[in-house]
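Topology and contacts: notes
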Amino acid sequence: MSLCIVSTKKNRLMNRRPWMTGLVLISAWAILGVQTAQAADDEAWIEYRQTVMSAIGADMAGIGDILKNGLPLTKNIEFHATAIATNARLVASAFSQRAENGQTDALPDIWQKTDAFAEATDEMREAAEQLAAAVAEGNDAQIGPRVKTLGKSCGSCHKTFR
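Residues numbered from 1 in each chain as written. Predicted model: local features only at pLDDT ≥ 70, side-chain atom pairs only at ≥ 80, totals over all residues. Heavy atoms only, no water.

**Notes on the packing of helix α4 (residues 114–136) against helix α5 (residues 140–161)**
Packed helix pairs are specified by the crossing angle of their axes together with the interaxial distance, meaning the distance between the axes. How we decide: Throughout, an axis means a line fitted to C-alpha atoms (over the contacting stretch in the case of helices), and angles, computed between N-to-C directions, take values from 0 to 180 degrees. Strands here mean DSSP runs of E at least two residues long; helices mean DSSP runs of H or I at least four residues long; both are numbered from the N terminus. When describing relative orientation, an angle under 35 degrees is termed roughly parallel and one over 145 degrees roughly antiparallel, while 65 to 115 degrees is termed roughly perpendicular and anything else oblique. Take the far helix as your reference; a near helix turned counterclockwise from it by less than a right angle gives a left-handed crossing, and one turned clockwise gives a right-handed crossing. Contacts were defined at the residue level, with two residues in contact if any of their heavy atoms lie within 4.5 Å. Classification used: nonpolar for Ala, Val, Leu, Ile, Met, Phe, Trp, Tyr, Cys and Pro, charged for Asp, Glu, Lys and Arg, polar for all others including Gly.
At a closest axis distance of 9 Å, the pairing of α4 and α5 adopts a crossing angle of 165°. By the angle between their directions, the pair α4 and α5 is classed as roughly antiparallel. Here α4 and α5 pass one another in a crossing that is left-handed. Of the residues in α5, those in contact with A116, F117, A120, E123, M124, A127, A128, Q130, L131, A134 and V135 of α4 are Q142, I143, R146, V147, T149, L150, S153, C154, C157 and F161. When its residues are assigned to classes, the contact of α4 with α5 shows 15 nonpolar, four polar and two charged.

The structure is reproduced here in C-alpha cells:
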C-alpha cells in the first residue's frame, strides 16, 4: 500500500508540472508578444520620422545644389523652402511617441526637453518661411543669408537632439 501512496503522490506532482509549464510558457509568450509588438511599433514610428526628416534633408540638398552649381532655378528655392516649412510642422507629431527600439540617431533629450525641441523645429520652420518669402519677393540679396540661417537652425537641432 505504501508503494501505491508514493506512486499517487508522484502522479500528482507529475500532473501539476504540465499545468505549471503551460502557465510559464503562456506567460513568456505573452511578454514576448508585447515586446515584439512594441519593437514593431517603435520601428514604424522611427521609419516615419526618418521619412519626414529625409524629406527636409532632400529639400535642403536641392537648395544647396541650386546655389552651389549656379543653376538658373532660383524660383525653385521657394518651393524647397516651403516644403521644408510644411514638413517642419510634421516633426513634433513624428516624434510624439518615444521610440528608441531600433536604428535611430534620435537622442533621449527629444522627449526629455520637449519644449526646447518644439522651439528648435519652430525656428527651422520660421527660417524656411523667411527664405521662401525672400525668393517670392525677388530679394536675391537675402537668399544667401537666409539659407545660412536655415542651415544653422538645422545644425543646432542636430547638435542637441541627434
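**A few points about the nonpolar core**
Our working rule: Nine residue types can take part in a nonpolar core, namely buried Ala, Val, Leu, Ile, Met, Phe, Trp, Tyr and Cys, and a core is a set of them joined through side-chain atoms within 4.5 Å. Each residue's exposure class comes from its accessible area (1.4 Å probe, protein chains only) as a fraction of the maximum for that residue type: buried when under 20%, exposed when over 50%, partly exposed otherwise.
Ranked by size, the top nonpolar core spans 29 residues in total, and within it F95, M124, L131 and L150 carry the most contacts. For this core, the secondary-structure elements that each account for two or more residues are α1 (2–68), α2 (74–94), α3 (109–112), α4 and α5. The biggest single contributor to this core is α4, with eight residues. Those residues within four positions of M124 in sequence are excluded, and the remaining contacts are I56, I84, A88, V91, L150, S153 and C154.

**Notes on the layout of surface pockets**
To keep things clear, this is the line we draw: Only protein atoms enter the 1 Å grid, on which a cavity is a set of points fitting a 1.4 Å probe that cannot get out and a pocket is an open set with protein on both sides within 12 Å along at least 5 of 7 lines, lining residues being those with an atom within 4 Å of a point. Grid points are joined across faces, edges and corners, and a volume is the space filled by probe spheres set on the points.
The calculated volume of the largest pocket comes to roughly 290 Å³. As for the largest pocket, its lining consists of 15 residues, of which M53, F95, D105, A106 and R162 are closest to the centre. Contributing elements (two or more residues each) for the lining of the largest pocket: α1 and α5. Top element by residues in the lining of the largest pocket is α1. It accounts for four residues. Here the lining of the largest pocket is built from residues that sort into seven nonpolar, five polar and three charged.

**Quick word on the packing of aromatic side chains**
To be explicit about the condition: Between the rings of Phe, Tyr and Trp (Trp by its six-membered ring), a pair exists once the centres lie within 6.5 Å; its type follows the angle of the planes, with under 30 degrees stacked, over 60 edge-to-face, and the other angles tilted.
Scanning the entire structure with this criterion turns up three aromatic pairs. Arranged with centres 6.4 Å apart and planes meeting at 45°, the rings of F95 and W111 form a pair that is tilted. One end of the pair, F95, is in the loop between α2 and α3; the other, W111, is in helix α3, with 16 residues separating them in the sequence. F95 gets classed as buried once you look at its relative accessible area, which sits at 10%. Pairing F117 with F161 gives two aromatic rings, centres 5.1 Å apart and planes at 80°, and the pair type is edge-to-face. Residue F117 is found in helix α4, and its partner F161 is found in helix α5; the two are separated by 44 residues along the sequence. Look at F117 and you get buried, because its relative accessible area is 8%.

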